[in-house]
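# Residue-level structure breakdown
Okay, here's what each chain looks like letter by letter:
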Amino acid sequence: MSNYIVLVKQVPDVSQITDNAFNPETGTLIRTRLASVINELDTQALALANYMKEISGDRQGKIIALTMGPPMAEEVLRYGLSRCADQAVLLTDRALGGADTVATANPLAFAVRKIVKELLKNEDDYFVISGMQSVDGDTAQVPPQMAEELRLPCIAYVTEAEFKNDRFEFTRIISGGSQVVAAKKPPAVITVARYEFPLYATFSKTRWANQTKVTTWDSEDIKATHIGVKGSRTAVIRVFPPGKSTRKCRQLNDANSLAKVIIDSFKSGNGETGTAGGEQINGYVLPDKRASLLDRSFEGTKKEQEDYAILSEKLKELGIKETNQIDDQAKAKILTAAGENFHDRALDDMINGLKLTKPAFKGEIWVVAEHNEGVTHPATFELIGKARELADSLETKVGVCLAGYQVESMAKELIAAGADNIYVIEDKLLSVFDPTSHRKAVADAIAKYWPQIVLYAATPQGRMLAPMVSYRVECGLTADCTGLDIRDSSRKGDIALLLQTRPALGGNVMATIRTKNSKSQMATARPGVMKRLPPDTSRKGNVIKHKVEFSHDDISLEIIKTELGAGDVNFGAEVIVSGGKGMQNRDNYDRLLSILCESLRKKLNTQIERGASRAAVEQGFVERIHQVGQTGTSIGPKLYIALGISGAIQHMIGVANTETIVAVNSDPNAPIFKQCDYYIVGTAEETIPQLAQALEQT
Ligand SMILES: Cc1cc2nc3c(=O)[nH]c(=O)nc-3n(C[C@H](O)[C@H](O)[C@H](O)COP(=O)(O)OP(=O)(O)OC[C@H]3O[C@@H](n4cnc5c(N)ncnc54)[C@H](O)[C@@H]3O)c2cc1C
């Protein structure tokens with residue numbers, strides 16, 4: 001008999017976000033200006049749990065909804081009870097507030113333990129099910145970290161479940177395709193990426209849900225080891241509005257005007273892309289390599305930069321070149337100049353900061369390589385490019401952690417891409433990606449060599465592996481970074497920290513995060529944002545073999561079927577035309593893309609390739625190899641034309657490096673219109689033949 005513990009979270013309704021929902025000074029969200037709703041993917045998790053219970057044929061299995069939050073979060077539990085949950089548990093305590101993902105996963109895992117012991121009477125056939133991520137956090141880290149705490153297998157990004165041979169099989173999204181897997185044995189943690197069969201509440205169920213008692217626990221009840229701000233391993237140091245997209249977002253009203261801008265922008269292509277909030281050059285210099293130790297121009301926050309600027313200016317005026325020349329008289333003058341900016345204690349901290357030269361973290365900059373069947377994921381090369389830049393400014397080496405079977409030969413191209421040391425962990429049991437065995441390999445190598453920074457690609461694989469590894473080695477982790485910079489926090493005694501910048505709240509704000517209480521700083525970074533270096537085959541590097549013992553117990557999942565894109569596609573083409581779910585069917589996709597590609601080829605005299613959204617691939621319009629995006633291919637053509645594509649983040653990060661993006665969509669509010677250069681509101685069926693004709697006549 002299986003039981004289901006479903007994690008549900010109350011989140012701000014970011015779909016209704018308005019500009020006045022943000023504090024313009026700090027960029028932080030004013031929670032009271034937004035309604036609170038249940039995280040949409042958690043409703044899908046409830047629906048999947050209900051479906052699993054149904055298809056297992058076992059009516060005795062219990063569904064228990066669990067949430068952690070303020071007392072008002074009880075509302076989402078009542079939502080669960082009115083749909084399918086039999087019981088509900090609220091974990092609420094002020095001490096749990098301000099938590100990062102570690103200090104969220106840890107108490108939730110302890111609550112699961114208590115549920116299993118007390119409500120399920122130690123029955124160990126259960127699944128913990130949750131949405132893959134919440135719209136406010138967006139990290140997808142909590143479920144895999146819970147799995148690590150509970151020592152359970154984790155099956156992430158599930159889209160379907162079947163009950164076969166007396167067990168559940170799950171279809172899930174993986175890099176470049178999909179996979180059917182089963183946990184070797186329950187319990188297991190499942191995260192839901194999409195399950196579109198919503199549950200509705202009946203009148204009587206709603207009445208029952210409102211009368212049912214919710215079990216309420218506080219932090220003392222669960223005895224978690226990491227809670228609240230204190231138990232967190234990351235801290236937000238800055239929140240700010242995202243930079244304005246440099247995409248033009250211009251609406252055109254007819255096919256002739258669109259044809260004209262397509263031809264013009266293709267011909268005048270300047271190699272510039274128009275993404276916002278992306279990567280910038282770090283340019284950091286260690287304190288003892290600066291012209292003077294008094295130079296503190298690499299402070300992490302604006303406030304720190306301003307305060308040190310006042311201090312430096314005054315020291316210069318007073319002719320002070322060494323910190324030991326700062327006497328009480330000088331201090332008094334500095335404090336007068338500082339006015340309200342800082343007082344004596346802060347000044348002492350700043351002066352102590354001026355004496356610091358040693359970085360807060362030691363060791364190499366590592367990249368965890370992602371690969372499949374001997375082919376390295378492009379994001380790995382991008383991360384090596386970034387790691388090289390960071391390592392050069394920190395005067396250390398770039399290491400790559402390469403776990404797999406018969407993978408040593410891949411070391412050459414990793415060295416050519418900018419790596420110095422390749423840490424190879426080989427075992428037959430690592431031949432396909434299993435989260436538990438690969439977590440063991442990577443965590444073991446990290447715990448031996450302790451790099452100061454570890455970067456993973458924010459692919460489905462990286463977003464699952466990184467939380468498990470970081471939790472195991474007790475380090476903080478930031479998800480989906482678009483900026484990685486080295487900066488100081490001299491007055492707090494920290495030199496050369498990795499500042500990790502990421503979009504949050506569905507891209508409505510940017511947050512800069514630092515690691516704390518950790519031996520290494522870890523981040524996943526979005527594919528397509530960091531820049532790959534041109535390969536240099538003359539570069540020399542070392543292969544270091546790291547031995548880890550594996551047994552079959554280290555494999556947590558049975559892989560039943562893997563479907564990856566096959567065939568030949570030239571995504572290096574200058575023009576890529578993609579069709580989405582809005583193409584309606586395979587015939588339309590074929591017919592309309594053929595018409596447009598043919599006119600473009602004739603007019604622009606260049607190669608044109610076909611792409612697709614994931615939804616179009618899943619509808620069977622075209623083979624998976626054509627998929628563009630986070631789990632497809634990241635591309636950077638001169639011209640990208642998106643037909644009937646809504647503009648989901650997972651699709652758009654795959655086209656971030658495109659020069660000009662054109663969109664055709666029948667929905668005037670399609671999100672892609674805010675992320676493209678030119679667009680037409682219209683159906684593909686009507687617009688494309690007109691555009692093809694206009695191209696030929698222009
Ligand atoms: C872990 C994970 C990884 C993912 N990886 C990827 C990825 O690599 N690539 C990817 O694309 N997605 C990916 N997705 C899925 C992504 O979230 C979206 O679901 C997907 O991109 C939507 O595809 P779509 O825009 O074609 O479909 P929809 O979102 O359904 O949009 C269809 C659009 O067509 C428009 N439309 C309808 N009819 C017409 C018409 N007649 N003419 C013109 N327009 C019309 C509609 O207005 C709508 O905007 C991933 C999701 C997850 C969870």
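The structure reproduced in this document is the subject of the present report. (Residues numbered from 1 in each chain as written. Predicted model: local features only at pLDDT ≥ 70, side-chain atom pairs only at ≥ 80, totals over all residues. Heavy atoms only, no water.)

### So, the packing of helix α8 (residues 302-317) against helix α9 (residues 328-338)
- As a packed pair, α8 and α9 sit with axes 10 Å apart at the nearest point and diverge in direction by 130 degrees. Relative to α9, the element α8 is oriented oblique. Crossing hand, α8 versus α9: right-handed. Between α8 and α9, the residues in contact are Ile310, Leu311, Lys314 and Leu315 and Lys333, Ile334, Ala337 and Ala338, respectively.
- Taken together, the residues of the contact of α8 with α9 break down into six nonpolar, no polar and two charged. (Axes fitted to C-alpha atoms, helices over the stretch in contact; angles between N-to-C directions. Helix = DSSP H or I, 4+ residues; strand = E, 2+ residues; numbered from the N terminus. Parallel < 35°, antiparallel > 145°, perpendicular 65-115°, else oblique. Left-handed = near helix turned anticlockwise from the far one by under 90°. Contact = heavy atoms within 4.5 Å. Nonpolar A, V, L, I, M, F, W, Y, C, P; charged D, E, K, R; others polar.)

### Describing the sheet that holds strand β12 (residues 234-240)
- Read across the sheet, four strands follow the order β12-β23-β22-β21 without closing on themselves; strand pairing throughout is antiparallel. Both edges of this open sheet fall to β12 and β21 (483-489), since each of them pairs with a single strand only. Between one strand axis and the next, the sheet turns through 35 degrees on average, direction left out of account.
- Where β12 and strand β23 (residues 509-515) come together, six bridges link them in antiparallel fashion. When the sheet's bridge partners are listed, Thr234 is paired in β23 with Thr515.
- Docked against the sheet, helix α11 (residues 378-394) engages β21 and β22 (494-504), running at close to 20 degrees with respect to β21. (Pairing = 2+ DSSP bridges.)

### Points about the packing of aromatic side chains
- Using the criterion set out here, one finds 12 aromatic pairs in the structure.
- Judged by centre distance (4.0 Å) and plane angle (15 degrees), the rings of Phe673 and Tyr679 are stacked. Of the two residues, Phe673 and Tyr679, neither departs from the other in class, the shared state being buried.
- By way of ring pairs, the aromatic residues Tyr4, Phe127, Phe163, Phe168 and Phe170 are connected into one cluster. (Phe/Tyr/Trp six-rings, centres within 6.5 Å; stacked < 30°, edge-to-face > 60°. Buried < 20%, exposed > 50% of the residue type's maximum accessible area, 1.4 Å probe, protein only.)

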